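As a plain string of letters, each chain reads:
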Amino acid sequence: MGFLRPRVIASLGLNSAINIPVVYDGETIGTINLLHEEFFYEEKHVEIAKKFAPLLIPAFLEARRAGGARA
């Protein structure tokens with residue numbers, strides 16, 4: 001899908017973000033990136049998002065294996 005430029009993100013009213021690294025064997029292999037309206041996220045949302053990072057390890061490793069992600 002690519003990425004959204006900062007101006008586009010702001011124009012959509014997405015001024016709040018959570019970015020969580022997905023770490024495997026001491027290496028960051030991807031990230032979880034969540035956007036929402038300004039002031040939406042609280043620390044409780046960060047804690048919830050962190051719980052999903054380990055679940056994404058197999059998907060990121062498979063994408064790397066298949067050539068979909070290069071360092």
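Now for a description of the structure that goes with this document. As the structure is a computational prediction, the values presented were derived from the model and not from experiment.

### Considering the nonpolar core
Part 1 of the reasoning: Core analysis: the largest hydrophobic core is formed by nine residues, namely Ile18, Ile20, Val22, Ile29, Ile32, Tyr41, Ala49, Ala53 and Ile57.
Part 2 of the reasoning: Every element with two or more residues in this core is listed here: β1 (16–24), β2 (27–36) and α2 (43–65).

### What about unusual backbone geometry?
Part 1 of the reasoning: Of note in this structure, Asp25 is not a glycine but carries a positive phi near 55 degrees.
Part 2 of the reasoning: Note on placement: Asp25 falls in the loop between β1 and β2.
Part 3 of the reasoning: Accessibility expressed as a relative area gives 73% for Asp25, which makes it exposed.
Part 4 of the reasoning: Positioned with a positive phi, Phe39 is a non-glycine residue whose angle comes to about 65 degrees.
Part 5 of the reasoning: With respect to the helices and strands, the residue Phe39 is situated in the loop between β2 and α2.

### Quick word on the pattern of salt bridges
Part 1 of the reasoning: Scanning the model with the defined rule gives four salt bridges in all.
Part 2 of the reasoning: One salt bridge connects Arg64 with Glu27, and the closest N-O pair in it is separated by 3.1 Å. Pair noted here: Arg64 is in helix α2 and Glu27 is in strand β2, with a separation of 37 residues, a long-range link.
Part 3 of the reasoning: Assessed through its relative accessible area of 34%, Arg64 is described here as partly exposed.
Part 4 of the reasoning: Salt-bridge contacts for Arg65 lead to Glu62; the nearest nitrogen and oxygen are separated by 2.6 Å.

### Focus: the packing of aromatic side chains
Part 1 of the reasoning: Applying the stated criterion to the full structure yields one aromatic pair.
Part 2 of the reasoning: Ring geometry for Phe40 against Tyr41: centres 5.3 Å apart, planes inclined by 80 degrees, an arrangement best described as edge-to-face.

Parameters and conventions
Residues numbered from 1 in each chain as written. Predicted model: local features only at pLDDT ≥ 70, side-chain atom pairs only at ≥ 80, totals over all residues. Heavy atoms only, no water. Core = buried A, V, L, I, M, F, W, Y, C linked by side-chain atoms within 4.5 Å. Buried < 20%, exposed > 50% of the residue type's maximum accessible area, 1.4 Å probe, protein only. Helix = DSSP H or I, 4+ residues; strand = E, 2+ residues; numbered from the N terminus. Salt bridge = Lys/Arg side-chain N within 4 Å of Asp/Glu carboxyl O. Phe/Tyr/Trp six-rings, centres within 6.5 Å; stacked < 30°, edge-to-face > 60°.

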